[in-house]
Amino acid sequence: MPEVTLVEAVRMALSRAMEDDERVVILGEDVGIDGGVFRATDGLIQRFGSSRVLDTPLSEAVIAGVAVGAATQDLRPVAEIQFMGFVYPAIDQIVNHAGRLRTRTRGRLTCPMVLRAPYGGGIHAPEHHSESVEAMLTHVPGIRVVIPSTPAKAYGLLLAAIRNPDPVVFLEPKRLYRTGKEQVEDNGEALPLDKAFIAREGSDLTLIAWGAMMKETLEAAAQLAEEGVDAEVLDLATLKPLDQAAILASVEKTGRAVIVHEAALTGGYGGEIAARIAEHGLLSLIAPVRRVTGYDTVIPLPKLEHHYLPSVDRVLTAAREVMTYA
Amino acid sequence: MPEVTLVEAVRMALSRAMEDDERVVILGEDVGIDGGVFRATDGLIQRFGSSRVLDTPLSEAVIAGVAVGAATQDLRPVAEIQFMGFVYPAIDQIVNHAGRLRTRTRGRLTCPMVLRAPYGGGIHAPEHHSESVEAMLTHVPGIRVVIPSTPAKAYGLLLAAIRNPDPVVFLEPKRLYRTGKEQVEDNGEALPLDKAFIAREGSDLTLIAWGAMMKETLEAAAQLAEEGVDAEVLDLATLKPLDQAAILASVEKTGRAVIVHEAALTGGYGGEIAARIAEHGLLSLIAPVRRVTGYDTVIPLPKLEHHYLPSVDRVLTAAREVMTYA
Amino acid sequence: MKKTAFTAEISFHRYLDADGDASSGLPAFATKAEALIPLYEAMVLTRIVDERAVAMQRTGRLGTYASSLGQEAVGVGVASAMTEDDVLVPGFRDQSAQLWRGVSIVEHLAYWGGSERGSNFAGPRHDLPVSIPVGTNFPHAAGVALAFKRREEKRVAVVMAGDGATSKGDFYEAMNIAGVWKLPVVFVINNNQWAISVARAEQTAAETLAQKAIAAGIPGEQLDGNDVIAVWDRVTTALDRARNGEGPTLIEAITYRLSDHTTADDASRYREDDQVRGHWKEEPVARLRTYLAAQKVWDKQKEEALLSDCRDKVDAAMEEYEAMLPEPLEAIFDSTYAEMPADVAAQRATALTAAGD
Amino acid sequence: MKKTAFTAEISFHRYLDADGDASSGLPAFATKAEALIPLYEAMVLTRIVDERAVAMQRTGRLGTYASSLGQEAVGVGVASAMTEDDVLVPGFRDQSAQLWRGVSIVEHLAYWGGSERGSNFAGPRHDLPVSIPVGTNFPHAAGVALAFKRREEKRVAVVMAGDGATSKGDFYEAMNIAGVWKLPVVFVINNNQWAISVARAEQTAAETLAQKAIAAGIPGEQLDGNDVIAVWDRVTTALDRARNGEGPTLIEAITYRLSDHTTADDASRYREDDQVRGHWKEEPVARLRTYLAAQKVWDKQKEEALLSDCRDKVDAAMEEYEAMLPEPLEAIFDSTYAEMPADVAAQRATALTAAGD
Ligand SMILES: Cc1ncc(C[n+]2csc(CCOP(=O)(O)OP(=O)(O)O)c2C)c(N)n1
Ligand SMILES: Cc1ncc(C[n+]2csc(CCOP(=O)(O)OP(=O)(O)O)c2C)c(N)n1
Ligand SMILES: [Mg+2]
Ligand SMILES: [Mg+2]
């Protein structure tokens, strides 16, 4: 079993999907000979040819729109947006077409496409290269929003996304692209697209996170264990549809929840999760639901970025605080 | 004092702002001789000339981008997007530029612009003409998101928006454009852009809504009064920045909250509000926080639309249910 | 040093002039006048559908409606040049093309009457439905064409939109990618001179819309969109090019929007009746009728038979439309996803309860 | 009937060829060779700034950096043709223009070093900062120009971007609105043949980028972007047109990206060294130096003095940059809004606590 990084796992899933299904095509800026600016598509054009791995002109709106059109005619396009900060021109197609095609034609046409984009901060990138606006997309009916946090999840979830008959936005935590390796078997097995994963079992409080923030969250949990606090950690993985049952089951057990995301607080997806708990899990709550998030400011350029991204310490502060309720 | 409809109040505010400040210009599709498809700008081109009221080509991205550019050079553009369903191509400029200019230049350049758009369903409109995706915008740092629910609020809030030194997205409940009249004095007085309004005082539960949904919400409150339940109704008006203090004060008093919005549930702004309550008002909560919202589906075409939009009955059901907790 | 780096020319095509005169010559397919009769009939049918639909809207039986009055030749010319296997990617005023291709009048009314079922049409199942967000359908056509190219199928995507739509970035981006990838697409612009209240001259400083093709390095041309023969002929040429792997073409069909923008519009606010009256002299139906009559393949009797046949068809469709049972509210939920997520299922249950089921 | 509806021609301009030969004639401003010296000096300064910046990035003292190696003539030609009152709307590789206009080297380094303070520059306070999202700055230029037009100021907005940027809808939409509103804008495209790994020919089927102007009905032209005289001259003409109310112009300056896309890129993955070597023969600095030397206004001594002066400037700037105190973390919050909302204030307090203040 090969030891791979997250970005290698993405590539492995792409290869496998292309191998398995002739209808899968990849399109985006620099996905061809360059192999993608993060090398997620490295080697694919050599292997599958330029009729299946397509360098596009620099136009995000048309990348998404071409994927929609192609998906209606039995291709399985996997479109790449180079950085999430450039996804906005693609949103029109995602909301107004990709997410609606099935229901507006009552199933006559469908839109089995994947829109991949690396997201998030912490890599000392230039302006507009550190955004995480997953929450904007979770509000869009008819689509799925998926964010892996480990190589194995990247592989299994991306395979599932490509095979899914509906549009999936697949956001990759670029900060974790190469930070760790994991054994991932290229066995073609997909993971479910509606389940959260329990990354750590525990009984005292529930930490909920996804993507890159899993790192800080798990570190916080380890630290808490040393302090005698047994945290359960949920990796949401699929944000939409939300695995409400998993969240409620955990909070029922622990009575306390802290949600961690790097996007801005207001209108962030943490709100949705806290709301589900406040609606359906209120009676099991011992403590207020805390969110540890980015601030309601633009994510700063590298010199100040570390103050913005939720740190292990900030997660710990929130966790310790909710532990004061009993 | 003239009795005016909501759309007339919008026009009154636009006229007043243009009268008061030479820098105010209006741009958008059909805002000129046609006076806007809802007549919000009727008569303005005749009064202020075509150098201040500009019909644009059919291009939402450039409408927003031109407004950004003009705002950096001391104009006060008020840009209209004809329907909220067509706002998506403008989002790039709102997120990547309008909301960031001040902070990314550390105050050197600013972006005092308003982006107006009619939003919401219930007018038996064609496809893509009934969206309310305010939540997507509330997540954007650096901007304000404002939604009036009455003629007087439309007048005062729009004046405030135009005078505000930062970008404001101003969403108008088109279902209420002509449904009621109210005396509004054209006195140039703006309303605050960070305050929720108590539309009805009460002590038993808090109903929170904005825009068009204020109608059903207030009707529900009236009905509840007949049932002996004294509901307080908050009109959020300014969604971003959120008047958290007003929400918490009310919930502290009532111990119960029901949030009403017509946008889809998941990722809707109701999540943010419920989260604030779950975080800062948990101890005063007697009952779960309920959300009465549109569903996580595309808003249906007119034949089924009434099943989608929250009805007075659905608000009542939720309100009665939270009243069972004591 | 100054030298010429590039030159371009845009041509304009017409066979049948406003007086129904075709003396400047005809393409082969049109030399037998009978061949034009189906096109004529389809144009008349569309006109009657539009007329009735507008009337239905006025009496509350239909939603906002966009008539294609005066522009029937564009869609009929385009659709009749296509094969069934080709894919139509229509805008919202292309009922003449959709009806030709097999969308039924009932389905058309259902859509504009406010039911998604209208987009689940029996016509070519692979055609895209009406696209309301202006310009967003151009990229779809490129995507559809990519699928054809990938599978080496000799099929073409044909996308239709208005003059206003040419101002959208989507239009340009789609032409550009289709150009560089040599995709089998035909871009058809119905330049009816108006985008709601915005006149063609306020939409762009470009002298023609066809020249916008030059930006993408693809061929563009202009034709008289009131001449169904020119539309058929030039679209056929463009389809052939596309089918032969020679890439996309942009076609600007010049027409005039004789009606209001939609039933929600009042065009008298922004344009002179005189202008409209002038354009009535150029409309496509009368000129073709004049020609057919001159060719002795059409007469008053045939005209009356056609009108009554069209009216019957539309009457029958209206009846069928009005007799349609409402969809159950479950329809809101049932095709949102292939596999219904738990949240949607729960909300479906809520909705059923709220509706008292 | 077929007739010609429209014709267009795109011209190409050059004064100084790759060998430094200007024998085909020079515009008036350049006839005195001394006048070119400031342009030469600015180009050399930019080159040295870039060289040092790349080195700083390699040693972790700067973030990802986009060198303008080989394209210095474009920005210098553009900026030197502008007045201070005009507004520059730069892309992310237009440091040569920004430095000319007054952005300091320290500010430039601060920005690419990861501090927003770099965009709060002392250079023209009305200039826009670097724009990273490709194409999004085109509409800004139209907006800036709208402000000038509204106030009847004789000022011009000049926007710069790359060949890749011409594929964005924003480019087209902005040219189109500028055309129809006759806005005082000059659109300058630095066609350096590459958009990261995507070669010019894969970006569009258009033979020239200048011809994209035709889609907006505005003038477009191509020039040798390695010839600072051609850049200065043609931009000056376009600025004059704009100032005289004649509307926008598109200028395509042909150059070559001699460096990697940025320090994060490895161009050897997608292009042959041979191609790059070939283009070194056409680069703008050497050809101007050759010309100035031939005109006897430049020599080895001057060159050495210039180089050492530039290095001193850059050294001093680097020192100043490295000595900059970090901004307090409050800066994240303090200019998000003119008036700080309660939420932001609360979060500011949280952040201060988290940082242990
Ligand atoms: C993106 C978008 N913006 C605005 C609208 C509202 N709208 C509907 S039709 C129309 C004008 C379209 O003009 P044109 O493209 O010329 O088509 P026509 O109506 O003349 O057929 C506008 C502005 C829309 N549907 N989509
Ligand atoms: C909208 C957008 N998409 C993608 C990127 C990532 N990106 C940065 S530069 C670049 C290529 C730009 O090419 P070009 O416009 O030719 O400018 P050059 O880099 O050659 O100066 C890309 C794709 C971006 N910055 N913005
Ligand atoms: Mg039109
Ligand atoms: Mg380039």
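Everything that follows concerns the structure shown earlier in this document.
Residues numbered from 1 in each chain as written. Chains lettered and ligands numbered in written order. Predicted model: local features only at pLDDT ≥ 70, side-chain atom pairs only at ≥ 80, totals over all residues. Heavy atoms only, no water.

(A) Region of the structure containing the coordination of the magnesium ion (ligand 4). Residues and elements named next belong to chain D. Looking at the metal site, the magnesium ion (ligand 4) is ligated by D163 (OD), N192 (OD1) and W194 (O), spaced 2.0 to 2.1 Å from it. Sequence positions of the donors to the magnesium ion (ligand 4) reduce to the motif D-x28-N-x1-W. In this pair, D163 is assigned in the loop between β3 (157-162) and α6 (169-180) and W194 in strand β5 (residues 194-195), connecting sequence segments 31 residues apart. (Donors = N, O, S within 2.8 Å, 3.2 Å for Na, K, Ca; no water. Helix = DSSP H or I, 4+ residues; strand = E, 2+ residues; numbered from the N terminus.)

(B) The relation of the copies chain C and chain D, seen in detail. Between chain C and chain D, which share one sequence, the superposing operator has a rotation angle of 180 degrees and an axial displacement of 0.0 Å; the RMSD is 0.0 Å. As the rotation angle and translation indicate, the two copies are arranged about a two-fold axis. Of the C-alpha atoms belonging to chain C, the one lying closest to the rotation axis is found on C:G169, 1.8 Å away. With an isologous cut-off of 70% or more, the 100% of interface residues of chain C that recur at the interface of chain D puts this contact in the isologous class. (Least-squares fit on C-alpha atoms with pLDDT ≥ 70 in both. Contact = heavy atoms within 4.5 Å.)

(C) Region of the structure containing the packing of aromatic side chains. Inspection of every chain in the model, using the stated rule, returns 27 aromatic pairs over all chains. Between C:Y65 and C:W112 the ring centres are 6.0 Å apart and the planes differ by 75 degrees, which places this aromatic pair in the edge-to-face class. Of this pair, C:Y65 sits in the loop between α1 (37-58) and α2 (72-81) while C:W112 is found in helix α4 (residues 105-112), placing the two residues 47 residues apart along the sequence. A relative accessible area of 0% means that C:Y65 is categorised as buried. Taking the centre distance of 5.0 Å and the plane angle of 85 degrees together, the rings of C:Y111 and C:W112 count as edge-to-face. Overall, C:Y111 belongs to the buried group, its relative accessible area being 6%. C:W112 gets classed as buried once you look at its relative accessible area, which sits at 8%. Here the basic side chain of C:K3 rests over the ring of D:F12, its NZ or CZ set 5.0 Å away from the ring centre. (Phe/Tyr/Trp six-rings, centres within 6.5 Å; stacked < 30°, edge-to-face > 60°. Buried < 20%, exposed > 50% of the residue type's maximum accessible area, 1.4 Å probe, protein only. Lys NZ or Arg CZ within 6 Å of the ring centre and 35° of its normal.)

(D) Structural view of helix α8 (residues 228-243) of chain D. Residues and elements named next belong to chain D. Between the first and last C-alpha of α8 there are 22 Å, a value that for 16 residues agrees with the 22 Å anticipated at 1.5 Å per step. Of all 16 residues that make up α8, 13 are buried, and the element is covered over most of its length. Where α8 starts, the residue carrying a side-chain oxygen 2.9 Å from the main-chain nitrogen of I229 turns out to be D227. (Expected span 1.5 Å × (residues − 1). Polar contact = N/O pair within 3.5 Å; in protein donor to acceptor, adjacent residues only side chain to side chain.)

(E) Representation of the coordination of the magnesium ion (ligand 3) in the model. Residue and element names in this part refer to chain C. Only D163 (OD), N192 (OD1) and W194 (O) from the protein coordinate the magnesium ion (ligand 3), and they sit 2.0 to 2.1 Å from it. Motif for the magnesium ion (ligand 3), donor spacing along one chain: D-x28-N-x1-W. When its relative accessible area of 9% is taken as the criterion, W194 is described as buried.

(F) Representation of the interface of chain A and chain B. Contacts between chain A and chain B engage 52 residues on the former and 52 residues on the latter. In total, about 4,400 Å² of surface goes out of reach between chain A and chain B, with carbon and sulfur atoms giving 57% of it. On the surface where chain A and chain B come into contact, there are ten salt bridges. As a salt-bridge pair, A:R100 and B:E131 come within 3.1 Å of each other at their nearest N and O atoms. (Buried area = accessible area lost by both parts, 1.4 Å probe. Salt bridge = Lys/Arg side-chain N within 4 Å of Asp/Glu carboxyl O.)

(G) Molecular detail of the site of ligand 2. Of all residues adjacent to ligand 2, which total 20 residues, the nearest are A:E60, D:R93, D:D163, D:G164 and D:W194. Around ligand 2 the close residues trace back to chains A and D. A distance of 3.0 Å separates a nitrogen atom of ligand 2 from a polar atom in the backbone of D:I132. Considering ligand 2 on its own, with 570 Å² of exposed area, one finds that the protein chains cover 96% of that surface. Taken together, the residues that form the shell around ligand 2 break down as ten nonpolar, five polar and five charged. (Near = heavy atom within 4 Å. Areas by Shrake-Rupley, 256 points an atom, 1.4 Å probe, with all protein chains shown as cover. Nonpolar A, V, L, I, M, F, W, Y, C, P; charged D, E, K, R; others polar.)

(H) Representation of the site of ligand 1 in the model. Among the 20 residues in the neighbourhood of ligand 1, the closest are listed as B:E60, C:R93, C:D163, C:G164 and C:W194. Residues near ligand 1 are shared among chains B and C, making this a multi-chain site. In this structure, an oxygen atom belonging to ligand 1 sits 2.6 Å away from a side-chain N or O atom of C:R93. For ligand 1, a nitrogen atom lies 2.9 Å from a polar atom in the backbone of C:V134. Protein contacts shield 96% of the accessible area of ligand 1, which totals 570 Å² for the unbound molecule.

(I) Representation of the pattern of salt bridges. Scanning the model with the defined rule gives 93 salt bridges over all chains in all. Two residues, B:K195 and B:D194, come together in a salt bridge whose shortest N-O distance is 3.9 Å. Given the relative accessible area of 40%, B:K195 is considered partly exposed. Look at B:D194 and you get partly exposed, because its relative accessible area is 30%. Connected via shared salt-bridge partners are A:E272, A:R276, A:E279, B:R290, B:R291, B:E321 and C:D343.

(J) Spotlight on the interface of chain C and chain D. Each partner contributes residues to the interface: chain C has 41 residues there, and chain D has 41 residues. Taken as a group, C:M1, C:F6 and C:Y172 account for 21% of the area that chain C buries against chain D, more than any other trio of residues on that side. On the surface where chain C and chain D come into contact, there are zero salt bridges. Linking chain C to chain D there are 29 residue pairs in polar contact (both at pLDDT 80 or more). Elements with a contribution of two residues or more to the side of chain C that touches chain D: β1 (2-13), α6 (169-180) and α7 (200-203) of chain C. Per element, the largest residue contribution to the side of chain C that touches chain D is twelve residues, and it comes from β1(C). Grouping the constituent residues of the side of chain C that touches chain D by class yields 16 nonpolar, 16 polar and nine charged. Pairing of β1(C) with strand β1 (residues 2-13) of chain D involves eleven bridges; the strand directions are antiparallel. (Pairing = 2+ DSSP bridges.)

(K) Main features of the packing of α4(C) against helix α11 (residues 300-323) of chain C. All names here are of chain C. Relative to each other, α4 and α11 sit at 50 degrees, their axes nearing to 9 Å. In this view, α4 runs oblique relative to α11, as classed from their interaxial angle. Between α4 and α11 lies a crossing whose hand is right-handed. Two secondary-structure elements touch here, α4 through I105, V106, L109 and A110 and α11 through K313, V314, A317, M318, E320 and Y321. Grouping the amino acids of the contact of α4 with α11 by side-chain chemistry returns eight nonpolar, no polar and two charged. (Axes fitted to C-alpha atoms, helices over the stretch in contact; angles between N-to-C directions. Parallel < 35°, antiparallel > 145°, perpendicular 65-115°, else oblique. Left-handed = near helix turned anticlockwise from the far one by under 90°.)

(L) Expanded view of the packing of α2(C) against helix α8 (residues 228-243) of chain C. Residues and elements named next belong to chain C. Interaxial distance between α2 and α8 falls to 8 Å at its minimum, and their mutual angle equals 40 degrees. With respect to α8, the element α2 is oriented oblique. The two elements α2 and α8 cross, and the hand of that crossing is right-handed. Contact residues: A73, V74, V76, G77, V78, S80 and A81 in α2; V228, V231, W232, V235, T236 and L239 in α8. For the contact of α2 with α8, the per-class residue count stands at ten nonpolar, three polar and no charged.

The quantities given are spatial measurements derived from coordinates; they are silent on function.
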